[in-house]
Protein chains: 2
Amino acid sequence: MDFTKVRGTRDFLPEDEIPRQRIIDIIRETYEEFGFSPLETPALETAEVLLAKSESIRDEIYLFKDKAGREIGLRFDHTVPLARVVAENPQLPLPFRRYAIGKVWRYDRPQSGRYREFTQADIDIVGSKDVLADFEVVWAGTTALKRIGVPPFEVLYNSRRLIDAWGEGVGLTGRSLVEFVRTVDKWFKIEEEGVREELKSKGLEGYLEGFKELFVDVSELPEDTEPLRRAKEELIRFTEYLEEAKIPARFDPRMVRGLDYYTGIVFETYVRERLNWGSIGSGGRYDELIRLLSGREVPATGYSIGVDRLFSLLKEEGIIESRKTVTKIYVAPVGDVSTRYLLEVVELLRSSKIPSEYDVMGRKLRKQLEYADSLGIPVVLVVGSKEEAEKTVRLKDMRSGEEKEVKLSELVEELERLL
Amino acid sequence: MDFTKVRGTRDFLPEDEIPRQRIIDIIRETYEEFGFSPLETPALETAEVLLAKSESIRDEIYLFKDKAGREIGLRFDHTVPLARVVAENPQLPLPFRRYAIGKVWRYDRPQSGRYREFTQADIDIVGSKDVLADFEVVWAGTTALKRIGVPPFEVLYNSRRLIDAWGEGVGLTGRSLVEFVRTVDKWFKIEEEGVREELKSKGLEGYLEGFKELFVDVSELPEDTEPLRRAKEELIRFTEYLEEAKIPARFDPRMVRGLDYYTGIVFETYVRERLNWGSIGSGGRYDELIRLLSGREVPATGYSIGVDRLFSLLKEEGIIESRKTVTKIYVAPVGDVSTRYLLEVVELLRSSKIPSEYDVMGRKLRKQLEYADSLGIPVVLVVGSKEEAEKTVRLKDMRSGEEKEVKLSELVEELERLL
């Protein structure tokens, strides 16, 4: 029998999970300081909910029949479940500011850095149509990234409203606009020449030069029509807010993010010196999705961090430190010390919130020290019958090799100095 | 279209998720202080792994075919994935002390208090066959329960080894012993009369009186055979450790926990005045499971807390407090205060780690106060152009209704006093 993990999934052993958990903690703390509250939804959703926005994603998600023959599946993002919760809970006060950190599943072809099960950390504001809400989620998301220690980054932003208004002005609408935008979205990958080629094959090349007139500062954008004026005004305010919060950011009309989902401001976040990382945090405004599930007009906007991808990237760059264990102190019983004294020492440490463990294998001291060393535990306390009689421990600093006797009554203070 | 959640699943809205998350945090902190490190495994496992121990659970778990026709499913506990990880990672230093807090799925009939998707918080020590390890996981688990504020509880414990040794002594082995134990396991539900009836129907009634001779203090247990002596010695040591750590506990041979899984000490935890809650934390020694997946002899023991069930029970009892939001401060812009000043005030709070939000809806003050009130936010800071000019805020304590002007330079100190 071959007992392995499922293709496209991975384990996080403690040496990875400890720093990964630290990243999640920072995100969570930041989101909470920004006044976002946690919402927990199930991993399982009905097929109706999962496919509400689009039947076309059927092949990209996990769907199956339960034993009663109902089609259910695993969530592929946190946004659709949020929309379902808002639909089921019309009593929720608006704006509803929630975060969700948890796994999502996609049936992608597994490839380097792509997994079928991964963790996303989302914030959303439901109920506000103001661009201040778009700014707020970007502020929260990028503050989390900064606190995690992500290298200098920049937010690229655009407005779906602007693209629509521009398209309308030049007679590019509906299916043609979607096709145009789908090609433009590849700009950073295939560059202008590639975009031109692809547009030519779609018979849309003629719109390219006009589109490039949007490559200006937001204050220079056209305002000949009411929709253009409105899009420009939003982009100007969004830009001002970003400047006030000192978030490095740049308007770029080539960054569009799948047009069928978003309805307003959209954004992606890139590390300046690591454009090859791709976007590490992204999102935008989706004012239509919740109506699909609830029948009510409920605007919404959100920002999402791909936690596992970010973790892998930071690890590859050596930006985060691995530790094999949370344990700071290993207590090593030797000779005929009583279990009572062993447990007394251990309890003293734990009640002082110092992560500690002790031998549960009946090993000789040498084996115990090897174990502590293999896990990188910084301090070992040896307790034998002599230490028990004197109410002391023999403290061994595994980093320096130094040893000394320490009274139990002074132990916590001594360790707090050392660690 | 009916957009609802999947049968047997539930959402935790912020008012539940905030205290539930607090419970998870306490468990995690406790497990880490006890020197257990986090291990994260996928929700998805292959059918081979999920069914390795027993094909018979097939009907009780979520299994389905992926798009390549492979049978995969959702984990039903954290123990089987742990065994798979140990099998796949022979390099892990032993003992491997890990915790896992996450969802598991079972295809139970949904009934009051039973869900198909729920969270378990497990600790396990892999690699030690010593009863000190059994004690250690109980110590960690019950310490977490105490810190959560669970009412006075008691650990019931028994030894699978004792039951086997006793059965061997009286000629009750194999299938008959399993059947005997399965009936005895219902003692607390159907009482002695029910047990006697059921044993009679199985033709095993003759063993009942002999079994009742085990209803004694561990020091009084029989020791006529080597297996009995060994089981007794372990139970005596386990009892001593529990006493040294002051964990309220009682040996009870009627508590057996599905014989086909466990191989040594087993335990369940009951709240004294709430026996109807059932066990709130349980586990035991399983020395065979990892060999099934790895071919190596690797003993192991663990303790598991059912987080969602515990949360529901504590909530029903009014032991935990609900809060609708994490936000402590709501900043209300009025009149023509600049967004710059609004954001300056908000940033001051957030950089001082005070969870805060502000209006993103363009609402009048009255609506803003209603919103803050509906979420139970304790303090509102009103900022208008007068406050902006004077670098102050108007602080409104929503609990007392008191208001006062506070200088920005003194704001954080003032709020820390108030909250």
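Residues numbered from 1 in each chain as written. Chains lettered and ligands numbered in written order. Predicted model: local features only at pLDDT ≥ 70, side-chain atom pairs only at ≥ 80, totals over all residues. Heavy atoms only, no water.

Quick word on the pairing of strand β11 (residues 300-306) of chain A
The side chains of a regular strand alternate between the sheet's two faces.
Residues and elements named next belong to chain A.
No. 1: For β11, the tally of buried residues reaches six of seven residues, placing the bulk of the element in the interior.
No. 2: Bridge count for strand β6 (residues 117-126) against β11 is seven bridges, and the pairing is antiparallel. Along β11, the bridge assignment pairs Gln120 with Gly306. (Buried < 20%, exposed > 50% of the residue type's maximum accessible area, 1.4 Å probe, protein only. Helix = DSSP H or I, 4+ residues; strand = E, 2+ residues; numbered from the N terminus. Pairing = 2+ DSSP bridges.)

Remarks on the interface of chain B and chain A
No. 1: Contacts between the two partners involve 101 residues from chain B, matched on the other side by 101 residues from chain A.
No. 2: For the pair chain B and chain A, the summed buried area comes to about 8,500 Å², and 61% of that belongs to carbon and sulfur atoms.
No. 3: At the surface where chain B touches chain A, the tally comes to 16 salt bridges.
No. 4: Between Glu40 of chain B and Lys103 of chain A there is a salt bridge, and its shortest N-O distance comes to 2.8 Å.
No. 5: Taken together, the residues of the side of chain B that touches chain A sort by class into 48 nonpolar, 16 polar and 37 charged. (Contact = heavy atoms within 4.5 Å. Buried area = accessible area lost by both parts, 1.4 Å probe. Salt bridge = Lys/Arg side-chain N within 4 Å of Asp/Glu carboxyl O. Nonpolar A, V, L, I, M, F, W, Y, C, P; charged D, E, K, R; others polar.)

Things to note about the sheet that holds strand β3 (residues 63-65) of chain B
Paired through backbone hydrogen bonds, the strands of a sheet run either parallel or antiparallel to each other.
All names here are of chain B.
No. 1: Strand order in this open sheet of three strands is β2-β4-β3, and the pairing throughout is antiparallel. At either end of the open sheet lies a strand with only one pairing partner, and these are β2 (44-46) and β3. Strand-to-strand, the axes of this sheet are offset by a mean angle of 40°, without reference to chain direction.
No. 2: In the sheet, β3 pairs with strand β4 (residues 71-74) via three bridges, with the strands oriented antiparallel. Residue pairing across strands places Phe64 opposite Ile72, the latter belonging to β4. (Axes fitted to C-alpha atoms, helices over the stretch in contact; angles between N-to-C directions.)

A look at the relation of the copies chain B and chain A
No. 1: Once chain B is rotated about the relating axis by 180° and shifted along it by 0.0 Å, it coincides with chain A to within an RMSD of 0.0 Å. The transformation relating the two chain copies, once decomposed into turn and shift, fits a two-fold axis. When C-alpha distances to the rotation axis are compared across chain B, the minimum falls at Phe64 of chain B, with a value of 3.2 Å.
No. 2: Of the interface residues in chain B, 100% have counterparts in chain A that sit at the interface too, so the contact is made through matching surfaces. (Least-squares fit on C-alpha atoms with pLDDT ≥ 70 in both.)

A word on the pattern of salt bridges
No. 1: Under the definition given, this model contains 121 salt bridges over all chains.
No. 2: Between Glu244 of chain B and Arg340 of chain A there is a salt bridge whose closest N-O contact spans 3.8 Å. Highlighted residues: Glu244 of chain B in helix α9 (residues 226-244) and Arg340 of chain A in helix α12 (residues 339-351), drawn from two different chains.
No. 3: In this structure Arg340 of chain A comes out as exposed when scored by relative accessible area, which is 54%.
No. 4: Residues Lys396 of chain A and Glu403 of chain A are paired through a salt bridge, measuring 3.4 Å at the closest nitrogen-oxygen approach.
No. 5: Note on Glu403 of chain A: relative accessible area 40%, which makes it partly exposed.
No. 6: Salt bridges sharing partners connect three or more residues here, namely Arg175, Glu179, Arg182, Lys186, Glu198 and Lys202 of chain A.

Thoughts on the pairing of strand β4 (residues 71-74) of chain A
Residue and element names in this part refer to chain A.
No. 1: When strand β2 (residues 44-46) meets β4, the two strands line up antiparallel, connected through three bridges. Following the sheet pairing, Thr46 is matched in β4 by Ile72.
No. 2: Two successive antiparallel strands, strand β3 (residues 63-65) and β4, enclose a turn made up of five residues, where Gly69 displays a positive phi of approximately 85°.

What about the side chain of Asp397 of chain A?
All names here are of chain A.
No. 1: Among the structural elements, Asp397 can be located in strand β15 (residues 392-397).
No. 2: Of the polar contacts made by the side chain of Asp397, one reaches the backbone nitrogen of Arg399; its length is 2.9 Å.
No. 3: Not counting the four nearest positions on each side in its chain, Asp397 is found in contact with Pro378, Glu402 and Leu418. (Polar contact = N/O pair within 3.5 Å; in protein donor to acceptor, adjacent residues only side chain to side chain.)

What to know about the packing of aromatic side chains
Residues and elements named next belong to chain A.
No. 1: Summed over the entire model, instances satisfying the criterion amount to 37 aromatic pairs over all chains.
No. 2: Measuring from centroid to centroid gives 5.3 Å for Phe135 and Trp139, while their planes differ by 25°, and the two rings are stacked. Of this pair, Phe135 and Trp139 both sit in helix α4 (residues 131-148), four residues apart, which is roughly one turn of that helix.
No. 3: Here Phe135 falls in the buried class, since its relative accessible area comes to 0%.
No. 4: Here the aromatic rings of Phe180 and Phe211 are separated by 5.4 Å at their centres, their planes lie at 80°, and the arrangement is edge-to-face. Here Phe211 lies in helix α8 (residues 208-212) and Phe180 lies in helix α6 (residues 174-184), a separation of 31 residues in the sequence. (Phe/Tyr/Trp six-rings, centres within 6.5 Å; stacked < 30°, edge-to-face > 60°.)

Comments concerning unusual backbone geometry
No. 1: The residue after Leu94 of chain A, namely Pro95 of chain A, is reached through a cis peptide bond having omega 0°.
No. 2: You can see Pro95 of chain A is positioned in the loop between α3 (79-88) and β5 (96-105).
No. 3: Even without being glycine, Lys353 of chain B reaches a positive phi, approximately 65°.
No. 4: Along the chain, Lys353 of chain B falls in the loop between α12 (339-351) and β13 (356-358).
No. 5: Under the relative-accessibility criterion, Lys353 of chain B is labelled exposed at 52%.

A look at helix α7 (residues 187-201) of chain B
In an α-helix, one turn spans 3.6 residues, which is why side chains three or four residues apart end up on the same side.
Residues and elements named next belong to chain B.
No. 1: Taking 1.5 Å per residue as the helical rise, α7 with its 15 residues ought to reach 21 Å, whereas the 16 Å between its terminal C-alpha atoms falls clearly short.
No. 2: At Glu193, α7 shows its largest kink, close to 75°.
No. 3: Listed as buried for α7 are Trp187, Val195, Arg196 and Leu199.
No. 4: The inward-facing, buried residues of α7 contact α6 (174-184) and α8 (208-212). (Expected span 1.5 Å × (residues − 1). Bend = angle between axes of the 7 residues up to and from the residue.)

Let's talk about the domain arrangement of chain A
No. 1: If you check the domain split of chain A, you get domain 1 (14-316) and domain 2 (329-414).
No. 2: The straight-line distance from the C-alpha centre of domain 1 of chain A to that of domain 2 of chain A is 51 Å. (Domains from an automatic or database assignment.)

As for the environment of Ile329 of chain B
Residues and elements named next belong to chain B.
No. 1: On the secondary structure map, Ile329 appears in strand β12 (residues 329-333).
No. 2: In this structure the C-alpha to C-alpha distance between Ile329 and Ala121, which are 208 residues apart in sequence, comes to 33 Å.
No. 3: Residue contacts for Ile329: discarding those within four places in its chain leaves Leu349, Ile354, Pro355, Ser356, Glu357, Ile377, Val379, Leu381, Leu415 and Leu419.

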